[in-house]
2 protein chains.
Amino acid sequence: MFGAVATPFEVLAEPTRRRILDLLRERPRSVGELTDELGLTQPGTSKHLRVLRDAGLVRVRPDAQRRWYELCPEPLAELDAWLAPYRWMWAGRLDLLEQHLNTMPNGSDSSAARDNPSDHPEPGQPDGRKTEDR
Amino acid sequence: MFGAVATPFEVLAEPTRRRILDLLRERPRSVGELTDELGLTQPGTSKHLRVLRDAGLVRVRPDAQRRWYELCPEPLAELDAWLAPYRWMWAGRLDLLEQHLNTMPNGSDSSAARDNPSDHPEPGQPDGRKTEDR
DNA sequence: GCCGAACATACCAAGTCAGTAATATGTCAG
DNA sequence: CTGACATATTACTGACTTGGTATGTTCGGC
């Protein structure tokens, strides 16, 4: 049943859905375009898009009979929030993280993401995981 | 079949497994302890631990007939790596990013950075199907 | 050696999900 | 209006996952 909204964790468990997001990260795409890239049938693609839409991870912009899907990354913040308390632990392989930080599209103040002010006494570690059920 | 190793994404899609990791983040625990906290049966707990162990997310330290499970956060780096290119996007919640940066213990000036400047994420996981067709 | 504790595995029933095919809706062109 | 195209929805099947009960297996104590 798709009526129940799923958490980003469950939604992203599917490699196909991660690929869709990766494709949409570059530019918005139509369903046919995505279908072609994914090698799926058109209904299969639409179903994945439906799940992503219900989870708030993509947004649709209709243009005539074409639907342009674009990324909507806000729900990923929940994933990031869950991951946050663990992040300091694998400091040994920080290179991996760094490497992908470098893949970020340039511009914008990526320096803000780069700098690492450990002197920042930020109290609010909400640690809030929703811990809901399926 | 549990023989196939799953990606951290699939493993963490289960709320119970995330809870196990959250519990192990505080301190190592025995199976009975986890069973009690999770409200599951002992075999149920063992099965989840098996999945987590296969994914490399936990490690076992046997002590007589007791098994102490402890967190093994390295595979979470894959999740983090996938997430990284998206992180700059939800600039509205930059506070979250900043907050997690603050959880890092110290500078760790990221000396080793780019030995694999790949365009795509998925460092450890082939982006194709995980197993066969359906 | 025997018994109980702690944990793992095997097996089973139920729910869920991915993929495909068939069909419906809606829009543009003529 | 009609036909072609783009997408959504539904129905169905097969595979996988989850949680439970029952049954090993290993270890320590007696």
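For clarity, every value in this text was computed on a predicted model and none was experimentally measured. (Residues numbered from 1 in each chain as written. Chains lettered and ligands numbered in written order. Predicted model: local features only at pLDDT ≥ 70, side-chain atom pairs only at ≥ 80, totals over all residues. Heavy atoms only, no water.)

S.K.: Could you give me a rundown of the packing of helix α2 (residues 15-26) of chain A against helix α3 (residues 31-38) of chain A, with the residues and numbers involved?
M.R.: Residue and element names in this part refer to chain A. Close contact between α2 and α3 brings their axes to 11 Å; oriented N to C, the two are set at 125 degrees. Put simply, α2 runs oblique to α3. In this structure, the crossing between α2 and α3 has a hand that is right-handed. Only Leu 34, Glu 37 and Leu 38 of α3 make contact with α2, whose side of the interface consists of Thr 16, Arg 19, Ile 20, Leu 23 and Leu 24. Looking at side-chain class alone, the contact of α2 with α3 contains 5 nonpolar, 1 polar and 2 charged residues. (Axes fitted to C-alpha atoms, helices over the stretch in contact; angles between N-to-C directions. Helix = DSSP H or I, 4+ residues; strand = E, 2+ residues; numbered from the N terminus. Parallel < 35°, antiparallel > 145°, perpendicular 65-115°, else oblique. Left-handed = near helix turned anticlockwise from the far one by under 90°. Contact = heavy atoms within 4.5 Å. Nonpolar A, V, L, I, M, F, W, Y, C, P; charged D, E, K, R; others polar.)

S.K.: Which residues make up helix α2 (residues 15-26) of chain B, and what values do they have?
M.R.: Residue and element names in this part refer to chain B. If you check α2, its first and last C-alpha atoms are 17 Å apart, about what 12 residues at 1.5 Å a residue would give, namely 16 Å. The buried fraction of α2 is high, at 10 of 12 residues. Every buried residue belonging to α2 is among Pro 15, Thr 16, Arg 17, Arg 18, Ile 20, Leu 21, Asp 22, Leu 23, Leu 24 and Arg 25, and all of these are buried. (Expected span 1.5 Å × (residues − 1). Buried < 20%, exposed > 50% of the residue type's maximum accessible area, 1.4 Å probe, protein only.)

S.K.: Any chance you could break down the packing of aromatic side chains for me, citing the residues and the numbers?
M.R.: Within the structure shown, the criterion is met by 4 aromatic pairs over all chains. Ring centres of Trp 82 of chain B and Tyr 86 of chain B lie 4.6 Å apart, and the angle between their planes is 35 degrees; this geometry places the pair in the tilted category. Highlighted residues: Trp 82 of chain B and Tyr 86 of chain B, both in helix α5 (residues 76-87), separated by 4 residues, approximately one helical turn. Across this residue pair, the class does not change: Trp 82 of chain B and Tyr 86 of chain B are buried. Joined through ring pairs, the aromatic side chains of Phe 9, Trp 82 and Tyr 86 of chain A make up one cluster. The side chain of Arg 18 of chain A reaches across the aromatic face of Phe 9 of chain B, ending 3.9 Å from its centre. For Arg 25 of chain A, the ring lying beneath its charged end belongs to Tyr 86 of chain B, and the centroid distance is 5.0 Å. (Phe/Tyr/Trp six-rings, centres within 6.5 Å; stacked < 30°, edge-to-face > 60°. Lys NZ or Arg CZ within 6 Å of the ring centre and 35° of its normal.)

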